[in-house]
Amino acid sequence: MPSRNPMPLSASQEAQVRDIYYARVRARCAEEIKAFADCALGRTFSVAFYCGEPQRVMNNCMKMHATQEEQDAAREEWFAKRMERVKERERKARRKAEQEAFLREWWGLPEKDREEARREMEKLRQGERVGGFPSANRRPLPGPGAGDEKGNGNGGR
């Protein structure tokens, strides 16, 4: 079943969603995971013999909760926290600029030129890109005038 939120994300953004998903599943099965960990504590090779039942219970719990609905919920949580991430990134960038200005003043270094400071602030204002970046080797689609007389884009073939 496809996701309810088909917005494409970059690989790193998908990894963040996957981390949220795994954390949610582990939180739902925390008791079963703890029971298996307690059984496996202090064992090496004998874990397979002594802890088979707690392991099966843990795996069944994780399989039961590892659903498409849980993935969708993790994806929605990631999108809900976008503004928090933007604010955190802005806060870190301001703090970095303050520290750099302090160090320049402390050591008597020349101030940054205005153009470089403007570029950094412009970069900070750019939002988080959702949808990934286009491939560097992908040819752009032809415009409406590049196709046949109907605008089908097949080069008149």
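Okay, so let's go over this structure.

### Considering the state of the cysteines
Item 1. Within this structure, the stated rule accounts for 2 disulfides.
Item 2. A disulfide bridge connects C29 with C61, and the sulfur atoms are separated by 2.1 Å. Measuring the twist about the S-S bond at about -95°, one finds the C29-C61 disulfide to be left-handed. With C29 in the loop between α1 (11-28) and α2 (30-40) and C61 in helix α4 (residues 52-65), this residue pair connects regions lying 32 residues apart in the sequence. Each of the two residues, C29 as well as C61, counts as buried.
Item 3. Between the sulfur of C39 and that of C51 lies a disulfide, 2.0 Å long from S to S.

### With respect to the pattern of salt bridges
Item 1. For the coordinates displayed, the defined rule picks out 9 salt bridges.
Item 2. Where E77 meets R24, a salt bridge forms, and the shortest distance between an N and an O atom there is 2.9 Å. Taken as a pair, E77 in helix α5 (residues 68-80) and R24 in helix α1 lie far apart in primary sequence, 53 residues in all.
Item 3. Residue classification places E77 among the partly exposed positions, given a relative accessible area of 23%.
Item 4. Each of R24, R28, E70, E77 and K81 takes part in one network of salt bridges that share partners.

### What about α5?
Item 1. Compared with an ideal rise of 1.5 Å per residue, which puts 13 residues at 18 Å, α5 spans 18 Å between its outermost C-alpha atoms and is within 8% of the ideal.
Item 2. Within α5 the residues assigned to the buried category are E70, D72, A74, R75 and W78.
Item 3. Considering only its buried residues, α5 is in contact with α1, α4 and α6 (82-107).

### A short note on the environment of A27
Item 1. Inspection of the secondary structure assignment puts A27 in helix α1.
Item 2. Relative accessible area serves as the criterion here: at 56%, A27 is assigned to the exposed category.
Item 3. Measuring from C-alpha to C-alpha, the distance between A27 and M62 comes to 9.9 Å, with 35 residues separating the pair along the chain.

Thresholds, definitions, all that
Residues numbered from 1 in each chain as written. Predicted model: local features only at pLDDT ≥ 70, side-chain atom pairs only at ≥ 80, totals over all residues. Heavy atoms only, no water. Disulfide = S-S within 2.5 Å. Helix = DSSP H or I, 4+ residues; strand = E, 2+ residues; numbered from the N terminus. Buried < 20%, exposed > 50% of the residue type's maximum accessible area, 1.4 Å probe, protein only. Salt bridge = Lys/Arg side-chain N within 4 Å of Asp/Glu carboxyl O. Expected span 1.5 Å × (residues − 1). Contact = heavy atoms within 4.5 Å.

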